[in-house]
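Architecture at a glance
In case you want the letters, here they are:
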Amino acid sequence: MWKGAPAPADTNQGSWPREALCPTHTSHALADGEKLADVTDGRGIRVVPSMQRAEDSSESHEEEQAPEDQDTNELFPGGARKLPPLNLTYQVPEWQEEYKGQVNLHVFEDWCGGAVGHLRRNLHFPLFPHTRTTVKKLAVSPRWRNYGLRIFGYIHPARDGDVQFSVASDDNSEFWLSLDESPAAAQLVAFVGKTGSEWTAPGEFTKFSSQVSKPKRLMASRRYYFELLHKQDDRGSDHVEVGWRTYLPGLKFEVISSAHISLYTDESSLKMDHVAHVPQSPASHGRGHLPMEEPSADMLRPDPRDNFFLTPRMEPSSLESVLEPCAYAPTYVLKDFPIARYQGLQFVYLSFVYPNDYTRLTHMETDNKCFYRESPLYLERFGFYKYMRMDKRAGEEDAEEEVQRRAFLFLNPEGEPSPSSPTPHGPRRQGPEPQVPPTLGAPQAHTFTADVNSSAAMQPVTSFLSLSQVSRPQLPAEGEEEEEGEEEDRAPGDEVASEDSEEDAAGRAPGRWREDAIDWQRTFSVGAVDFELLRSDWNDLRCNVSGNLQLPEAEAVDVAAQYMERLNARHGGRFSLLRIVNVEKRRDSARGSRFLLELELEERGGGRLRLSEFVFLRVPGAHSRDEEGESPEPPPAAASLRPDSRPELCRPLRLAWRQDVVVHFIVPVKNQARWVVQFLADMASLHAHTGDPHFSVILVDFESDDMDVERALRRARLPGYQYLRRTGNFERSAGLQAGVDAVEDPSSIVFLCDLHIHFPPSILDSIRKHCVEGTLAFAPVVMRLGCGSSPRNPRGYWEVNGFGLFGIYKSDFDRVGGMNTEEFRDQWGGEDWELLDRVLQAGLEVERLRLRNFYHYYHSKRGMWGTRSHKGTRKEPS
């Protein structure tokens with residue numbers, strides 16, 4: 001976990017016999033074109049005879065990797081230029097009833113890398129693992145490093161119906177499922193990552209879009225072959241688990257337990273060179289099933305939201321009578337409430353979104369783990385093991401649990417924190433840990449010191465993760481534990497004093513774990529860990545990689561179902577729901593919650609339509625009044641509650657958005673020729689893609705001398721534009737104010753903009769939906785790209801502090817007083833926060849959402865705007 005080095009491209013060399021790649025490796029070389037995998041036994045099952053002796057099969061040797069730059073003719077005997085057909089298992093062994101309750105587990109030890117592709121490169125994969133054993137649950141955590149697992153067997157559904165699967169792991173994993181009992185028919189249905197840098201916390205089943213499968217129709221009377229591949233490197237909280245759920249709204253994933261699994265076959269009596277029974281599936285070869293190029297971020301995957309604006313919208317007038325009207329006056333509005341300068345940041349609330357829009361920057365969590373509640377120091381030391389409850393075997397003592405419990409206290413005998421040496425499982429990005437005071441409420445752990453015969457001072461050693469690897473009778477002596485810690489401190493690649501051959505001759509070196517100390521059968525219990533439930537709707541200024549808040553599925557489905565019921569009651573059942581495209585919720589615990597409901601409908605005898613309306617779910621008994629203190633809605637009646645005493649939806653007054661309102665992009669510029677050209681090209685592309693005639697670009701030019709801005713604006717293919725020329729030094733506040741003043745229609749939207757922005761095609765629709773005259777303004781969160789990053793490879797962070805990109809109706813902008821051009825005449829930075837204060841005090845809400853594929857380009861700030869440098873009077877421009 002928490003590393004960023006990408007894995008090399010996946011290859012299929014792991015399925016080739018050693019003799020085909022290295023003909024001189026053994027005297028039993030095969031003729032050209034002959035493959036070990038082509039041999040079958042008498043039962044018709046393909047067999048791969050081993051060139052090892054049976055007594056050598058349990059020894060751990062350093063694996064050999066086929067050279068990636070080897071000549072093609074050596075890989076394809078006879079000069080063939082295409083890969084041979086996959087050698088798959090079609091005939092399965094006879095299944096026995098006693099196989100239930102466990103599945104086969106094959107372990108490939110001492111193999112580096114965190115990607116499943118690294119596992120497939122192991123020359124002994126998939127037929128010759130180091131260990132064959134079984135496991136009783138699809139949740140495994142050996143607490144070890146540099147290994148790969150292949151878990152396979154059958155799944156037995158409890159009942160007929162649609163089932164959804166999800167896999168969670170650290171590091172990468174793949175879950176393959178066949179729709180019958182044949183390994184040859186296995187298909188990749190869910191996976192965590194491809195490069196080795198992706199990971200999840202235990203039970204975190206919805207972090208990546210690739211984790212969750214599409215619904216699969218299964219029958220209780222059948223069994224289904226599955227295969228689970230997992231790769232763990234030398235860092236992190238190793239685990240892999242598969243969850244499933246009935247495909248119904250709101251249900252959580254549960255780990256697949258022993259009651260629903262069975263062995264593929266019984267291997268207990270077979271020698272390690274007996275491999276005729278080992279299934280070969282598309283998973284064990286992996287060729288052609290993963291895309292050649294995965295998106296570098298989940299946000300880049302297609303989403304129905306991205307182009308939903310192209311679907312014809314239902315006329316709002318036809319929807320006015322669907323719901324009863326109700327006043328809309330949320331309690332969190334700050335009208336006339338006095339606040340201090342820049343305090344408005346504390347009164348901006350976030351909305352919840354369904355379905356997951358994957359705005360969480362999971363690909364950036366290698367470097368930034370602020371999404372998780374634990375402190376970085378705690379995660380570096382202990383990872384996520386506290387979320388896992390290890391399953392105890394019959395007769396197992398509780399002593400180890402007590403050791404682990406005391407380790408979590410995280411305090412030394414003096415009660416002060418102290419740095420610890422790295423452990424094999426805890427830290428990502430190992431290094432000295434700073435001396436910091438314990439945080440309030442953070443789990444603490446004892447540290448232990450060991451006496452070392454050297455001139456160096458005693459070093460404290462955190463014992464939890466080391467001790468947890470072995471059972472209590474196998475704990476090392478005091479000196480052995482310290483020597484093990486010293487070995488872990490060596491840099492990768494450093495030579496150790498004693499090699500395996502020397503150990504065989506002179507006995508095992510002290511401080512080495514016994515080979516049987518690794519518990520490959522260690523399973524654990526974990527719930528569906530939903531870190532989203534721990535987040536608040538306050539504007540989070542602490543974490544800049546977290547995405548939009550996630551609205552629970554059951555709540556979104558309930559609101560959509562209730563609206564559809566009322567819609568069809570009003571229109572005689574003319575409409576059917578195709579899918580829920582987007583639901584946004586702003587919560588008001590005192591009076592109720594407003595929802596932006598976006599549904600794709602199909603009209604009977606007609607085409608597809610887009611429903612995009614605000615609705616309000618009022619708290620029972622709550623009664624809102626408008627600004628004048630009078631209620632424009634009828635008194636609450638019994639009809640405001642459903643028969644099950646749950647609140648009903650109503651139509652909030654003065655909260656309707658206009659689809660045809662003109663949006664004016666206002667941008668001040670000075671001596672930024674290359675960026676002006678890029679901006680105009682992006683705006684022209686937006687017009688071409690959307691065909692939207694209802695927007696314009698207003699450039700306020702502060703005497704640029706590096707290009708003819710007006711001429712470039714005239715030549716751009718835009719539906720509307722204005723060019724304004726100003727003299728003097730660049731002043732952002734004055735430029736924005738001048739642009740707004742040039743807009744004549746007060747019932748149009750002005751979008752205060754920056755020059756270095758990449759817009760998604762849905763930007764116009766997003767601005768219009770979240771700007772309502774007299775009620776709502778919009779401050780979308782932009783992702784600030786890092787140096788060397790681009791929209792196709794977006795690495796950076798969300799600009800959670802910035803409010804410089806701001807959409808508001810011109811009438812509302814004028815009412816709050818516009819930009820503060822006097823105070824921010826000779827500086828920029830802070831003018832957006834000052835405007836936010838006045839917008840909130842005027843009684844407007846400010847909608848705050850992260851927008852998919854909405855980026856701020858990285859750019860040099862050297863010589864920007866061509867102004868003189870006045871030290872201490874200007875802040876960095878955006």
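Anything mentioned here points back to the structure above.
Position numbers for residues count from 1 along each chain, tracking the sequence in the order it is written. For this predicted model, a pLDDT threshold of at least 70 governs which residues receive local features, and a threshold of 80 or more governs which side-chain atom pairs are given and counted, while totals over whole chains, interfaces and linings are taken from all residues. The side-chain quantities take in all heavy atoms of the structure and omit both hydrogens and water.

**Thoughts on the overall build of the protein**
To keep things clear, this is the line we draw: Helix and strand definitions follow DSSP, with helices as H or I runs of at least four residues and strands as E runs of at least two, each counted in order from the N terminus. By definition, residues are in contact when any of their heavy atoms lie within 4.5 Å. Note on areas: Shrake-Rupley with a 1.4 Å probe; residue coverage comes only from the protein chains shown.
For the protein, the count of helices and strands is 16 helices and 36 strands. Long-range contacts, defined here as pairs at least 24 residues apart, represent 80% of the contacts in the protein between residues at least 6 apart. Accessible surface computed for the protein: about 38,800 Å², of which carbon and sulfur atoms make up 49%.

**Re the environment of L251**
Operational definition: Three exposure classes are used, based on accessible area relative to the maximum for each residue type with a 1.4 Å probe and protein chains only: buried under 20%, partly exposed in between, and exposed over 50%.
Note that L251 resides in the loop between β12 (239-246) and β13 (254-255). Under the relative-accessibility criterion, L251 is labelled partly exposed at 37%. Sequence separation of L251 and E553 is 302 residues, and the distance between their C-alpha atoms is 8.7 Å.

**With respect to the sheet that holds strand β23 (residues 592-603)**
Backbone-to-backbone hydrogen bonds pair the strands of a sheet. The strands run either parallel or antiparallel. Inclusion rule: Any two strands are treated as partners once DSSP identifies two or more bridges connecting them. For helices, the fitted line uses only the C-alpha atoms of the stretch in contact; every axis is such a line through C-alpha atoms, and the angle between N-to-C directions lies from 0 to 180 degrees.
Spatially, the 7 strands line up as an open sheet ordered β15-β25-β24-β23-β22-β16-β21, and their pairing is mixed. Both outer strands of the open sheet, β15 (325-326) and β21 (549-550), are each paired with one neighbouring strand and no more. Pairing analysis gives 3 bridges linking strand β16 (residues 352-354) to strand β22 (residues 575-588), with the strands arranged antiparallel. Paired with V353 across the two strands is E584, which belongs to β22. Against the sheet, helix α10 (residues 553-571) engages β16, β22, β23, β24 (608-618) and β25 (649-652), with an angle of about 125° to β22.

**Thoughts on the state of the cysteines**
Put simply, the rule reads: In what follows, a disulfide is any cysteine sulfur pair within 2.5 Å.
Applying the stated criterion across every chain, the model contains 2 disulfides. The partner cysteine of C326 in its disulfide is C650, sulfur to sulfur 2.0 Å. Between C326 and C650, the S-S torsion sits near 75°, and that sign places the bridge as right-handed. Linking C326 in strand β15 with C650 in strand β25, this pair joins segments that are 324 residues apart in sequence. Under the relative-accessibility criterion, C326 is labelled buried at 0%. You can call C650 buried: its relative accessible area is 4%. Between the sulfur atoms of C370 and its disulfide mate C543 the distance is 2.0 Å. On the sign convention where negative is left-handed, the bridge of C370 and C543, at about 70° about the S-S bond, is right-handed. Of the two residues, C370 sits in the loop between β16 and α5 (376-382) while C543 sits in the loop between β20 (524-525) and β21, which places them 173 residues apart along the sequence. Assigned by exposure class, C370 and C543 land together as buried.

**Structural notes on the pairing of strand β27 (residues 695-702)**
Here is the rule: If the strands point away from the viewer and the path from the first strand over the helix to the second runs clockwise, then the crossover is right-handed.
Judged by how many residues are buried, β27 sits mostly within the fold: 8 of 8 residues are covered. Residues F695, V697, L699 and D701 point to one face of β27 and S696, I698, V700 and F702 to the other, with burial holding for every one of them. Bridge count between strand β26 (residues 663-669) and β27: 7 bridges; the pairing is parallel. Opposite I666, over in β27, you have I698 as the bridge partner. One crossover worth recording links β26 to the parallel β27 by way of helix α11 (residues 673-690), and it is right-handed. At this point the chain moves from β27, through helix α12 (residues 709-715), to the parallel strand β28 (residues 721-726), and the crossover so formed is right-handed.

**Considerations on α11**
Note that an α-helix has 3.6 residues per turn; residues three or four places apart therefore point the same way. Stated formally: A helix is expected to span 1.5 Å multiplied by its residue count minus one.
Along its 18 residues, α11 runs 26 Å from first to last C-alpha, staying within 8% of the 26 Å computed at 1.5 Å per residue. Where α11 is concerned, the buried positions are A673, W675, V676, F679, L680, D682, M683, L686 and T690. Directly beyond the C-terminal end of α11, a positive phi value near 65° is found at G691.

**Points about the pattern of salt bridges**
Oppositely charged side chains are able to pair whenever their charged atoms sit close together. Going by this rule: A pair is scored as a salt bridge if a Lys or Arg side-chain nitrogen falls within 4 Å of a carboxyl oxygen belonging to Asp or Glu.
Tallying each qualifying case throughout the model produces 42 salt bridges. A salt bridge links R535 to E532; its shortest N-O distance comes to 3.1 Å. The exposure class of R535 is buried, given its relative accessible area of 14%. The class for E532 is buried, based on a relative accessible area of 16%. One salt-bridge network, held together by shared partners, links E204, K207, R360 and E365.

**A look at the packing of aromatic side chains**
What counts here: Pairing of aromatic rings covers Phe, Tyr and Trp, the last through its six-membered ring, and needs centres within 6.5 Å; plane angles under 30 degrees mean stacked, over 60 mean edge-to-face, and all others mean tilted. Charge-over-ring contacts are defined here by two conditions on Lys NZ or Arg CZ: a distance within 6 Å of the ring centre and an angle within 35 degrees of the ring normal.
In this structure the tally under the stated criterion is 31 aromatic pairs. Seen from their ring centres, F152 and Y264 are 5.9 Å apart, and the 70° between their planes marks the pair as edge-to-face. With F152 in strand β6 (residues 147-155) and Y264 in the loop between β14 (261-262) and α4 (282-285), this pair connects stretches of sequence that are 112 residues apart. Accessibility classification places F152 together with Y264 in one group, the buried group. Here the aromatic cluster, defined as three or more aromatic residues joined through ring pairs, consists of W199, F371, Y372, F384, Y387 and F531. Sitting over the ring of F253, R245 keeps its end group 5.0 Å from the ring centre. Taking NZ or CZ as reference, R341 lies 5.4 Å from the ring centre of Y342, over its face.

**With respect to the sheet that holds strand β33 (residues 796-798)**
Pairing in this open sheet of 4 strands is mixed, and the strands run β30-β36-β32-β33 from one edge to the other. Since the sheet does not close on itself, it has two edges, and those belong to β30 (757-758) and β33, each with one partner. By the bridge criterion, 2 bridges tie β30 to strand β36 (residues 850-856) in an arrangement that is antiparallel. Note on β36: the bridge partner recorded for I757 is H856.

**Brief notes about the nonpolar core**
Condition: Take the buried Ala, Val, Leu, Ile, Met, Phe, Trp, Tyr and Cys residues and link them wherever side-chain atoms come within 4.5 Å; each set so joined is a nonpolar core.
By size, the foremost hydrophobic cluster in this structure holds 72 residues, and its most contacted members are F665, F679, M683, L699, C753, F759 and I767. Element by element, the count of residues in this core is highest for α11, at 7 residues. Aside from chain neighbours lying at most four places away, what touches F679 is V667, V697, L699, C753, D754, L755 and F759.

**Quick notes on the side chain of H664**
We apply this condition: In the analysis that follows, any N or O atom pair within 3.5 Å is treated as a polar contact, provided that within protein one partner can donate a hydrogen and the other can accept it, and provided that, for residues neighboring in sequence, both atoms belong to side chains.
For H664, the position within the fold is in strand β26. By relative accessible area, which is 11% here, H664 ends up buried. In this structure the side chain of H664 is engaged in a polar contact, spanning 2.6 Å, whose partner is the side chain of S696. Those residues in contact with H664, other than ones at most four positions away along the chain, are S696, I698, V743, S748, I749, V750 and F751.

**Structural notes on unusual backbone geometry**
A cis geometry characterises the amide bond from D170 onward to D171, with omega recorded as 10°. Within the secondary structure layout, D171 lies in the loop between β7 (161-170) and β8 (173-177). Y354 connects to P355 through a cis peptide bond whose omega is -10°. On the secondary structure map, P355 appears in the loop between β16 and α5. The phi dihedral of Y358 falls on the positive side, at around 55°, and the residue is not glycine.

Read these as layout, nothing more, since geometry by itself doesn't imply function.
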